[in-house]
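Summary of the model geometry
Each chain, letter by letter, is given below.
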Amino acid sequence: GDRIFTTMKYFIFIAILLCSSLLATAQIPTATHIQILKAEDARRYDKTLEHLLKSPNAAVRERAALAAGRIGREEAIPTLAALLTNDSSDKVRVMAAFALGEIESIKAADVILKTLETRQTHDSVRARTVEAAGKIVAANAKDPKSAELGKAIIEALDFENRRRSASDEDVIRLGLTAVLRARPAGGDEAAKNFLRYSNPAIVADALNTLARLRAKNANAEARELLKTHADPVVRANAARVLGGAEDKDALDILLNAATTDTDSRVRVSAIRSLATLRDARAAEPLLKRGEVLFDAYRKAKKPNFIPNEHSEFLEIATTLGRLLPNTRKKRAINLFREFAKLDQGHSPEVYIARIRVAPGRGDDDNKPDLVHWRQYSTLAQVVGEFSAIEPVDDEGKKMKAEASDVLRPLAKAFAEADPIAEAKTIMAGPDVLQAFARFKTADLAELLRTALLNKDVQIRATAANLLADLPASKENVNELKAALTKALLTDKTENDAQLSILDALFKVDKMGSVRMFLLALNAPDYLARKKAFELLGETQKQENHVGTQTAVNNARGLHRDQVLPYVAALRTKLGQVLNTDADYRRAVSRKNGSVKAVLTTEKGTFTIEFYPEQAPLTVDNFIKLSRSRYFNGLEVHRVVPNFVMQDGDPRGDGNGGPGWSIRCEVNMLRYDRGAVGMALSGKDTGGSQWFVTHSPQPHLDGGYTVFGRVSEKDMKIVDNIVRGDKIITVKILESNLTQRPQRTRSRKE
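Residues numbered from 1 in each chain as written. Predicted model: local features only at pLDDT ≥ 70, side-chain atom pairs only at ≥ 80, totals over all residues. Heavy atoms only, no water.

**Looking at the overall build of the chain**
In terms of helices and strands, the chain carries 33 helices and nine strands. By its C-alpha atoms, the chain is 105 × 70 × 65 Å across when sized along the principal axes. Burial status across the chain gives 55% buried among its 749 residues. Sequence-distant contacts in the chain: of pairs separated by 6 or more residues, those separated by 24 or more amount to 71%. Entry remark: accessible area of the chain is about 33,500 Å², with carbon and sulfur atoms responsible for 52%. Of the side-chain charges in the chain, 113 are positive and 97 negative, and the distance between the mean point of each set is 4 Å. (Helix = DSSP H or I, 4+ residues; strand = E, 2+ residues; numbered from the N terminus. Buried < 20%, exposed > 50% of the residue type's maximum accessible area, 1.4 Å probe, protein only. Contact = heavy atoms within 4.5 Å. Areas by Shrake-Rupley, 256 points an atom, 1.4 Å probe, with all protein chains shown as cover. Lys, Arg positive; Asp, Glu negative; His and termini not counted. Charge placed at Lys NZ, Arg CZ, Asp CG, Glu CD.)

Written out as structure tokens, the structure reads:
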């Protein structure tokens, strides 16, 4: 009996050891996780990460593969290809495929093709491999290998469609997104095959792909789905398909959806599609719907409160402007006039629609005093519209002839930073310059060269972008070079001017600007250096300068192609590693569900539940900003119905940020309804702007960092937020389980 008891204890002991061992190998040691996080933050692919990709711990290999994808270096492709082909863990193979897609290099095409051709490949691996194929084709559309990848995407979808056993929904959904990215021949037919599936998410994704392809092969199916399907996302996407296809037979169906559907996302999609049909018969029902919306808007309008009807009304106004050009429709003019009395120049869409319906000067007795930047912006956009419209009466023709002269003093004032363009109105500068540039006047280049001297970074960035569209001249090139030299020295909190000027120089005089690109390799900001490396690589393709290549190699030897540690003496935080060991440790300690943000708005309160396990540094950045009260009082500067609500810009014009940038932490979370993501103007340009999706947006998957989610219950608040609403406060709620324990004093001490 004792011997049996002893033997049992021995086996129990061995079992405990085995379980402990398995648990340990399933986890990533904190020190290792921090190593990986540091490599990602620095965009550094080195021997350390290469070693971790070959770790005996599958969890470490999986996490290191994600890091390699985020870093995006082609040097990682051979190791990732080996993992995709040979690793014993399907999770590691899945992540290797995802990472190869993130790198977007055509050098990964062969292993992607081989994996898709192997029918024994696990469905989860095939799904991410199809996704990778789509990303690689999108980044290398002209490469011959892309045609092979596109064909493989279609074959993967066709296989799922014909499959006798249960099809794999991940392969289908990621394959549909790959089609809209890669746009292979036959992609529209492959997508159409999934309109009959029982899962509404697949039907919605198929419709989304068809809409983005502007496919015309599924009009009958889309009309039926818009009329009968129970799922609002399916109906909304069906309406988009009909608009993209310009299906004239869908007029009545779209009108019914635009004016009576119970879901605002469907109504908005149908309204937009009616604009593409340009059938004037839609005007009367839309006017009636617009009047109903405006009546509710007017009754709810209070000081500092923008009613929920605002966004849908703007969509109707925009569509009416396209349906009723030059008609001087009194009913529409009266509707726009009454709205303007309440709006006071803050919503340019309505005023532009008014100009399209009745080109002219408008109502002199209804013009607001210009005190807010949005009013200046609206004025500029309205006058700029005369560059595109063709009036049919004398009043309209006279205004078109005078429009550039009307706009010139305002453009000059903003270019020169005259007192009119100071302080709160300076944000209108980019819109004013863009509106004036539409007329292509003889003095445009001179005015833009003046704007390159402006103190405002966004005005200089806009001027550079506009100069790039003009014929190259010695004066323009010289002023752009001088502006770049100055921007590299003086711009400490925003890099928009540096990046725009670099792009402009490449466009107007790429070979003559090599010296300027080399100068930018010394910028403190990683993003400016990255741009310079890219442009120098393009110039080297055309003309091989030994000296240039030597300088580029030297810069790489100094790790200037990575994000370098923060140096206080540089007096800027742009494009540097700002996190400390304590920051990394805190970030990796958080678990999903342990930290939330409660946002109080003028429309109610909603909560973001964060995903620190998928995006630790992004979550940490948001928490830091929230605790510093950065978001409190900020205006929601962008709302696109059935797409996103966006906030986090201290300027309010979509161009602002905190004075630093963070690295993307792209992951495999979907942009379904309620997903919270980081807004970008390019890879690794995130800072403080974030958004919430109103409906699934699969084209954003794997391109923007998902770092949180809003519940369906709270999305009812988000749905009611309109442009101009404010985030009053943001409060962080964090579980004590993620905090470092504090040693408390005993009474004896």
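**Re the environment of Asn161**
Within the element layout of this structure, Asn161 appears in helix α9 (residues 144–162). A sequence separation of 353 residues divides Asn161 from Val514, and the C-alpha atoms of the two residues are 52 Å apart. Setting aside residues no more than four positions away along its own chain, Asn161 makes contact with Asn193, Phe194 and Tyr197.

**Considerations on the pattern of salt bridges**
The tally for this structure, following the rule as stated, stands at 63 salt bridges. Ionic pairing is found between Glu40 and Arg70, a salt bridge with its closest N-O pair at 3.2 Å. Residue Glu40 is located in helix α2 (residues 30–42), and its partner Arg70 is located in helix α4 (residues 58–71); the two are separated by 30 residues in the primary sequence. By relative accessible area, which is 2% here, Glu40 ends up buried. Classification of Arg70 by relative accessible area gives buried; the value is 2%. Across the pair Arg586 and Asp583 runs a salt bridge, and its minimum N-O distance is 2.6 Å. Remark: Asp583 and Arg586 occur in helix α31 (residues 581–589); sequence separation between them is three residues, near one turn of the helix. (Salt bridge = Lys/Arg side-chain N within 4 Å of Asp/Glu carboxyl O.)

**A short note on the nonpolar core**
Ranked by internal contacts, the top residues of the largest apolar core, which has 114 residues, are Leu80, Ile112, Leu226, Leu254, Leu274 and Leu286. Looking at this core element by element, the count peaks at nine residues for helix α6 (residues 90–103). The residues touching Ile112, leaving out its near neighbours within four places in the chain, are Leu84, Leu100, Thr129, Ala132, Ala133, Ile136 and Leu149. (Core = buried A, V, L, I, M, F, W, Y, C linked by side-chain atoms within 4.5 Å.)

**A few points about the pairing of strand β1 (residues 595–601)**
By the criterion of burial, β1 is predominantly enclosed, with five of the seven residues buried. Judged from the seven bridges that link them, β1 and strand β9 (residues 726–734) form a sheet pairing that is antiparallel. Paired with Val598 across the strands is Lys731, a residue of β9. Counted between consecutive antiparallel strands, the loop separating β1 from strand β2 (residues 604–610) contains two residues. (Pairing = 2+ DSSP bridges.)

**Some words on the packing of helix α5 (residues 77–86) against α6**
Running from amino to carboxyl end, α5 crosses α6 at an angle of 145°, the nearest separation of the two axes being 8 Å. Every pair of crossing elements has a handedness; the one defined by α5 and α6 is left-handed. In this structure, α5 contributes Ile77, Leu80, Ala81, Leu83, Leu84 and Thr85 to the contact, and α6 contributes Val92, Arg93, Ala96, Ala97, Ala99, Leu100 and Ile103. A per-class count over the contact of α5 with α6 returns 11 nonpolar, one polar and one charged. (Axes fitted to C-alpha atoms, helices over the stretch in contact; angles between N-to-C directions. Left-handed = near helix turned anticlockwise from the far one by under 90°. Nonpolar A, V, L, I, M, F, W, Y, C, P; charged D, E, K, R; others polar.)

**Things to note about helix α30 (residues 546–557)**
Given a rise of 1.5 Å per residue, 12 residues ought to cover 16 Å, and the 16 Å separating the end C-alpha atoms of α30 matches this to within 8%. Of all the residues in α30, the buried ones are Thr548, Val552 and Ala555. Taken end-on, α30 shows its buried residues confined to a sector of 60°, consistent with a single buried face. Across from the buried face of α30, at angles greater than 90 degrees, the exposed residues are Val546 and Gly557. Buried-residue contacts for α30 involve α28 (514–520) and α29 (526–542). Downstream of α30 by one or two residues, His559 has phi in the positive range, about 65°. (Expected span 1.5 Å × (residues − 1). Arc of directions from axis to C-beta.)

**Notes on the packing of helix α24 (residues 444–451) against helix α25 (residues 457–468)**
In the contact formed by α24 and α25, the axes pass within 8 Å of each other and the chain directions differ by 145°. Of the two possible hands of crossing, α24 and α25 adopt the one that is left-handed. Of α25, the residues touching α24 (which contributes Ala445, Leu448, Arg449 and Ala451) are Ile459, Arg460, Ala463, Leu466 and Leu467. Class assignment of the residues belonging to the contact of α24 with α25 gives a composition of seven nonpolar, no polar and two charged.

**Overview of the side chain of Asp263**
Position of Asp263 relative to the elements: it lies in the loop between α15 (251–260) and α16 (264–277). Setting aside anything within four residues of it in sequence, one finds Asp263 in contact with Pro232 and Arg235.

**Things to note about the packing of aromatic side chains**
In total, this model carries 16 aromatic pairs according to the counting rule given. The interplanar angle of 20° and the centroid separation of 4.8 Å between the aromatic rings of Phe313 and Phe339 together place this pair among those described as stacked. Here Phe313, found in helix α18 (residues 310–323), pairs with Phe339, found in helix α19 (residues 330–343); they are 26 residues apart in sequence, far enough to count as distant. Phe339 matches Phe313 in its accessibility class, with the two residues each being buried. When the ring centre of Phe305 is taken as reference, the NZ or CZ atom of Lys302 above it lies at 5.9 Å. Taking the ring centre of Phe305 as reference, the NZ or CZ of Lys603 above it sits at 5.3 Å. (Phe/Tyr/Trp six-rings, centres within 6.5 Å; stacked < 30°, edge-to-face > 60°. Lys NZ or Arg CZ within 6 Å of the ring centre and 35° of its normal.)

**Here's the deal with α4**
Side chains three or four residues apart in an α-helix point the same way, a direct result of the helix having 3.6 residues per turn. Look at α4: 20 Å from first C-alpha to last across 14 residues, which is about the 20 Å you get at 1.5 Å a residue. In terms of burial, α4 is largely enclosed, as 12 of its 14 residues are buried. Here α4 has its buried residues at Ala59, Val60, Arg61, Arg63, Ala64, Ala65, Leu66, Ala67, Ala68, Gly69, Arg70 and Ile71. Phi for Gly72, located one or two positions after α4, is positive at around 85°.

**Observations concerning the sheet that holds strand β6 (residues 675–678)**
Strand order in the open sheet formed by nine strands is β3-β9-β1-β2-β8-β6-β7-β5-β4, with antiparallel pairing between adjacent strands. In the strand order of this sheet, the two ends are held by β3 (634–635) and β4 (638–640), each with one partner. Where β6 meets strand β8 (residues 706–710), three bridges bridge the pair, whose relative direction is antiparallel. Bridged to Ala675 within β8 is Arg709. Most of the contacts of helix α33 (residues 712–720) go to β2, to which it runs at about 125°, and overall it touches β1, β2, β5 (644–647), β7 (690–693) and β8.

**Quick look at the environment of Val722**
Locating Val722 in the fold gives a position in the loop between α33 and β9. Its relative accessible area of 1% is what places Val722 among the buried residues. Residues Val722 and Val640, 82 residues apart in the sequence, show an inter-C-alpha distance of 8.8 Å. Residues in contact with Val722, not counting those within four places in the same chain, are Ile306, Pro307, Asn308, His310, Ser311, Lys603, Val636 and Val639.

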